[in-house]
Amino acid sequence: MLFNKIEISPLLLSEIHFMGFSEFHINDNDFVIIDKNVFNKYKYTFPTNKVLILESNEELKSFNNLKNVYSFFSKNNLHKDNNVVCVGGGTLSDLIGFACNSYLRGVNLILVPTTLLSMADASIGGKNAINFQHIKNLIGSYYLPKKVIIDINFLKTLQEEHFFSGLAEIIKIAIVKSKSLFLIIQQNIEQIKLLNFGVLAEILEIAISLKCEIINIDFKDENQRLFLNFGHTFAHSFELKENIPHGLAVAKGINLALEISEKFAGLPTNTKNDIIDLFNAFNYNLKINYRNINKLALTKDKKHLSNTNKLVLLENLEIPKIMNLNNDEFNQIIKDLSKFKVYQ
Ligand code: GLY
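Residues numbered from 1 in each chain as written. Predicted model: local features only at pLDDT ≥ 70, side-chain atom pairs only at ≥ 80, totals over all residues. Heavy atoms only, no water.

1. A word on the overall build of the protein
So the rule is basically this: Numbering of helices and strands starts at the N terminus; helices are DSSP runs of H or I of at least 4 residues and strands are runs of E of at least 2. C-alpha atoms define the radius of gyration in this analysis, and the globule rule sets the expected value at 2.2 Å times the number of residues to the power 0.38. Here's how the labels work: a residue is buried when its accessible area is under 20% of the maximum for its type, exposed when over 50%, partly exposed in between, all with a 1.4 Å probe on protein chains only. For this analysis, residues touch if any pair of their heavy atoms sits within 4.5 Å. Positive charge is attributed to Lys and Arg, negative charge to Asp and Glu, and no charge count is given to His or to the chain ends. A single reference atom marks each charge: NZ on Lys, CZ on Arg, CG on Asp, CD on Glu.
Summing up its helical and strand segments, the protein has 13 helices and 10 strands in all. The C-alpha atoms of the protein give 20 Å as radius of gyration, which agrees with the globular expectation for 344 residues (20 Å, within 12%). The C-alpha extent of the protein, read off along each of the three principal axes, is 60 × 60 × 35 Å. Here the protein, with 344 residues, has 55% of them falling under the buried criterion. Here the analysis covers contacts within the protein between residues at least 6 apart in sequence; of these, 71% occur between residues at least 24 apart. With 37 positive and 35 negative side-chain charges, the protein shows a separation of 6 Å between the mean positions of the two kinds.

In structure tokens form, the structure reads like this:
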């Protein structure tokens with residue numbers, strides 16, 4: 001035998017700090033990559049740093065922009081003893097995470113998420129990616145940031161639809177992992193709508209620690225982490241076709257996944273209704289337009305094997321399960337469902 005099998009387990013060394021961004025010390029030789037809107041507010045904070053300002057949106061996650069980031073690193077001589085501080089939402093950290101993983105085979109990354117979605121989900125757990133041939137996240141890697149700095153004050157200026165986009169991911173993790181977080185959200189609907197920072201911080205902290213529990217067991221999407229994909233197989237189609245924020249598409253995807261779960265995984269109707277009621281209490285638009293389910297996006301979904309669709313379903317709150325379907329079975333379910341009445 002030429003090689004012995006070598007097991008490499010990820011060293012989970014991301015530190016997550018809840019603190020004000022202005023209290024976070026940025027070294028003179030750190031590189032800062034920052035969302036354009038955030039930069040306008042913080043422009044005097046990094047007088048000596050090399051700064052790259054980018055506009056966060058899904059188009060940002062392209063090969064061309066990746067090339068621009070590499071050029072910025074190379075032109076300014078980024079070395080392994082510098083940090084790259086990425087300040088922005090999930091689309092920015094997806095691009096920069098991939099750039100940092102591949103440049104010099106890995107440079108230090110510090111994430112400062114500025115949206116609820118990136119605080120609760122995108123910045124936690126090391127996933128990064130760019131889009132390719134209209135497929136979301138087709139090219140990417142797992143690369144943990146050294147630190148994540150969470151300053152919930154950024155939420156004060158977050159647009160409403162982006163706030164609810166992040167909240168959908170928090171509700172998702174409650175559905176698949178924690179009945180008690182689900183109850184806390186149910187009991188605090190009004191306070192969440194009013195942006196009560198005490199309540200939000202508590203919910204966010206729980207959601208992050210639940211996600212970390214999963215990442216520590218399954219860093220590379222082999223089992224438990226797949227559960228975080230609940231609703232996402234369909235969400236990616238809605239997101240692209242309807243041009244809506246990720247979490248709002250996830251809410252629609254969850255609606256469809258609940259329907260399939262009721263029919264194929266024994267999800268009790270009252271649990272399905274409780275979940276739908278919670279989304280309705282926050283006025284999510286759960287309407288499904290079946291024409292917007294893009295078969296190509298589904299079959300290229302990154303968790304798919306060549307002819308197996310790993311669909312995450314729900315047996316009950318906290319009890320997700322994976323259903324393996326070949327492409328024909330999968331297409332049949334979608335076809336049948338479009339004839340049923342899904343909550344609109
Ligand atoms: N956003 C899902 C995950 O990190 O696995």
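2. Looking at the packing of helix 2 (residues 63-75) against helix 3 (residues 90-102)
What describes two packed helices is the angle between their axes and the distance between those same axes. To be explicit about the condition: Between N-to-C directions, angles span 0 to 180 degrees; the directions come from axes that are lines fitted to C-alpha atoms, helices contributing only their stretch in contact. Put simply, angles under 35 degrees are roughly parallel, angles over 145 are roughly antiparallel, angles from 65 to 115 are roughly perpendicular, and the rest are oblique. By convention, the crossing between two helices is left-handed when the near helix turns anticlockwise from the far helix through less than a right angle, and right-handed when the turn is clockwise. Any residue outside Ala, Val, Leu, Ile, Met, Phe, Trp, Tyr, Cys, Pro, Asp, Glu, Lys and Arg is labelled polar, Gly included; the first ten of those are nonpolar and the last four are charged.
Where helix 2 meets helix 3, the closest approach of the two axes is 10 Å, and the angle between their N-to-C directions is 50°. Overall, the two elements helix 2 and helix 3 adopt an arrangement that is oblique. Helix-helix and strand crossings are classified by hand; for helix 2 and helix 3 the assignment is right-handed. Contacts between helix 2 and helix 3 involve N65, L66, V69, Y70 and F73 on the former and, on the latter, L95, I96, F98, A99, C100 and S102. Its residues assigned to classes, the contact of helix 2 with helix 3 comprises 9 nonpolar, 2 polar and no charged.

3. Looking at the environment of K156
Tracing the backbone shows K156 in the loop between strand 8 (147-150) and helix 5 (160-177). Judged by its relative accessible area of 57%, K156 is exposed.

4. A short note on the pairing of strand 10 (residues 319-325)
To keep it simple, the criterion reads: In this analysis, strands are considered paired if DSSP registers two or more bridges between them.
When strand 9 (residues 309-316) meets strand 10, the two strands line up antiparallel, connected through 7 bridges. Counterpart to V312 in the pairing with strand 10 is I322. Between the end of strand 9 and the start of strand 10, which pair antiparallel, lie 2 residues, with E318 showing a positive phi angle near 75°.

5. Remarks on the pairing of strand 7 (residues 135-142)
Here strand 6 (residues 127-132) pairs with strand 7 via 5 bridges, running antiparallel. Looking at strand 7, one finds that K127 is bridged to Y142. Linkage of strand 6 to strand 7, two consecutive antiparallel strands, is achieved through a turn of 2 residues, within which Q133 is found at a positive phi near 50°.

6. Topic: the nonpolar core
Inclusion rule: Joining through side-chain atoms within 4.5 Å is the link that ties buried Ala, Val, Leu, Ile, Met, Phe, Trp, Tyr and Cys residues into a set, and such a set is a nonpolar core.
Grouped together as the largest cluster of nonpolar side chains are 87 residues, with contacts concentrated most on I175, I185, F279, F282 and Y284. With 10 residues, the top contributor of residues to this core is helix 5. Those residues in contact with I185 that sit more than four places away from it in its chain are I170, I171, A174, I192, I203, L278 and F282. Counting 24 residues, the second largest nonpolar core, distinct from the first, contains F73, I96, C100 and Y143.

7. Let's talk about the site of the ligand
Put simply, the rule reads: Being near a molecule or strand, for a residue, comes down to having at least one heavy atom within 4 Å of it. Polar contact is the term for a pair of N or O atoms within 3.5 Å; when the atoms are in protein, one must be able to donate a hydrogen and the other to accept it, and sequence-neighboring residues count only if both atoms are side-chain atoms. Only the protein chains shown count as covering a residue, and every accessible area follows the Shrake-Rupley method with a 1.4 Å probe.
Taken together, D121, K127, K211, R225 and L228 make up the full set of residues near the ligand. Within the side chain of K127, a nitrogen or oxygen atom sits 2.7 Å from an oxygen atom of the ligand. In the complex, 86% of the free accessible area of the ligand, which totals 200 Å², lies under the protein chains.

8. Details of a nonpolar patch on the surface
Put simply, the rule reads: Patch rule: a residue counts if its relative accessible area is over 30% and it has no salt bridge; like charges are joined within 9 Å, and nonpolar side chains (Val, Leu, Ile, Met, Phe, Trp, Tyr) within 5 Å. We count a salt bridge whenever a side-chain nitrogen from Lys or Arg sits within 4 Å of a carboxyl oxygen from Asp or Glu.
The grouping of F63, F132 and L138 at the surface amounts to a nonpolar patch, some 240 Å² of accessible area in total. Within the fold, F132 resides in strand 6.

9. Description of the packing of aromatic side chains
Put simply, the rule reads: Classification of ring pairs rests on two measures: the distance between centres of Phe, Tyr or Trp rings, Trp counted by its six-membered ring, which must be within 6.5 Å, and the angle between planes, read as stacked under 30 degrees, edge-to-face over 60 and tilted in between.
Across all of its chains, the model carries 15 aromatic pairs by this definition. Taking 5.2 Å as the distance between ring centres and 85° as the angle between the ring planes, the aromatic pair formed by F163 and F164 counts as edge-to-face. This pair shows no difference in class: F163 is buried, exactly as F164 is. Considering the side-chain rings of F164 and Y284, the 5.9 Å spacing of their centres and the 90° angle between planes classify their relative orientation as edge-to-face. Highlighted residues: F164 in helix 5 and Y284 in the loop between helix 11 (269-281) and helix 12 (295-299), separated in sequence by 120 residues. With respect to burial, F164 and Y284 carry one shared label: buried.

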